[in-house]
Amino acid sequence: MLLEVRNLHVSYGDAPALWDATLEVAAGQVVAVVGPNGAGKSTLINTIAGILRARQGEIRLDGTDIAKIPGHRVCEHGIAIVPEGRRLFTHMSVLENLELGRYRAESRASGEGSLEKVFSLFPILKERRHQIAGSMSGGQQQMVAIGRALMARPRLLLMDEPSLGLSPAVVDDMFRIIRTINERGVAVLLVEQNIHKALEMAHHAYVIEQGRIVTSGKPDTLLGNPRIREAYLGV
Ligand SMILES: Nc1ncnc2c1ncn2[C@@H]1O[C@H](COP(=O)(O)OP(=O)(O)OP(=O)(O)O)[C@@H](O)[C@H]1O
């Protein structure tokens, strides 16, 4: 198993945000974590990325426990994150933002290879590589954030609400891009409020509510569950 999360507990000070979370991502899969605002989705993904520390539990990548290694070293194991809100350096160029993703030794050694791969996925970023990132559209800025994460040549890409704030047509583009990235061999753990879109493309999904994973399964099974339909799809 590429990623195994076991019995993860995370708190902010004394306030628990995630209880006993257990989930898996197999190599080559897209796994979605869906749930309402404040359910703990960002907490989960930020803990896997090493940005937050778990109070208890295991996070294994290809069998190696990464829960206790320093956050800045987690990326060396092949995990990259596209954070909520993109977190670009908006006064820097597209190219400078992409180059900042080159924090893995493997990626630094790849020379122009990593950059050319990102440009082949997003030709517009090549055309606009000298443009200031903050002057790009929302969808293009999301492409820069995804491109920056891919510069690290991850095996597992963590994505926190990539569709947030984008128009419906751009959201469709974004999900097509995620599919292409996955087809190129990168596993994706996708956190989304847009349950419909996320379930459409995921191989497996988890539903999280108030800090607990309440159910999981194949997207078709979840979509056939009347409680899930009523709570999340309003039908
Ligand atoms: N820095 C923080 N300090 C204290 N509590 C926090 C902090 N960040 C999140 N929380 C709390 O932890 C819980 C889970 O939040 P989290 O951001 O993980 O949810 P989410 O599912 O990602 O929601 P959203 O979709 O709104 O980002 C919430 O109750 C939230 O208020």
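Preceding this section is the structure that the text describes.
Cut-offs applied
- Residues numbered from 1 in each chain as written.
- Predicted model: local features only at pLDDT ≥ 70, side-chain atom pairs only at ≥ 80, totals over all residues.
- Helix = DSSP H or I, 4+ residues; strand = E, 2+ residues; numbered from the N terminus.
- Rg over C-alpha atoms; globule rule 2.2 N^0.38 Å.
- Buried ≥ 20, exposed ≤ 12 C-beta atoms within 10 Å, placed from the backbone.
- Near = placed C-beta within 6 Å.
- Nonpolar A, V, L, I, M, F, W, Y, C, P; charged D, E, K, R; others polar.
- Pairing = 2+ DSSP bridges.
- Axes fitted to C-alpha atoms, helices over the stretch in contact; angles between N-to-C directions.
- Contact = placed C-beta atoms within 7 Å.
- Core = buried A, V, L, I, M, F, W, Y, C linked by C-beta atoms within 7 Å.

(A) Main features of the overall build of the protein chain. If you tally the helices and strands in the protein chain, you get 11 helices and 10 strands. For a compact globule of 235 residues, the expected C-alpha radius of gyration is about 18 Å, and the protein chain comes in at 17 Å, within 12% of that figure. Its C-alpha atoms give the protein chain principal-axis dimensions of roughly 50 × 40 × 30 Å. Across the 235 residues in the protein chain, those meeting the buried criterion constitute 42%.

(B) How the structure looks around the site of the ligand. Around the ligand, the surrounding shell consists of Tyr12, Ala15, Ala17, Gly35, Asn37, Gly38, Ala39, Gly40, Lys41, Ser42, Thr43 and Gln193. Secondary structure elements with two or more residues in the shell around the ligand: β2 (15-25) and α1 (41-48). Of the residues forming the shell around the ligand, the biggest block, three residues, is contributed by α1. In the shell around the ligand, the residues fall into four nonpolar, seven polar and one charged.

(C) Representation of the sheet that holds strand β6 (residues 79-82) in the model. Strand order in the open sheet made by the six strands is β6-β7-β8-β3-β9-β10, with mixed pairing throughout. In this open sheet, the two edge strands, each paired with only one partner strand, are β6 and β10 (212-217). When strand polarity is set aside, the average angle formed by the axes of neighbouring strands in this sheet is 20 degrees. Running over the sheet, helix α7 (residues 138-150) touches β6 and β7 (156-160) and is turned about 170 degrees from β6.

(D) Geometry of the pairing of β6. Covered by surrounding structure in β6 are Ile79 and Ile81 together with Ala80 and Val82, the residues of both alternating faces. Pairing geometry for β6 and β7, over four bridges, is parallel. When the bridges of β7 are listed, Ile79 appears paired with Leu156.

(E) Inspection of the sheet that holds strand β5 (residues 64-65) at higher detail. A sheet is described by the order of its strands in space; here four strands give the open sequence β2-β1-β4-β5, paired in antiparallel fashion. The sheet is open, and its two borders are formed by β2 and β5, each paired with just one other strand. Bridge count between strand β4 (residues 56-61) and β5: two bridges; the pairing is antiparallel. Following the sheet pairing, Arg60 is matched in β5 by Asp65.

(F) Structural detail: the nonpolar core. Counting 70 residues, the largest nonpolar core has Ala32, Leu157, Leu158, Val188, Leu189, Leu190 and Ala205 as the members making the most contacts within it. For this core, the element with the highest residue contribution is α7, accounting for six residues. Non-local contacts of Ala205, meaning those with residues more than four positions away in its chain, are made with Val31, Ala32, Val34, Ala198, Leu199, Ser216, Gly217, Pro219 and Leu222.

What is shown is where atoms sit, not what they do.
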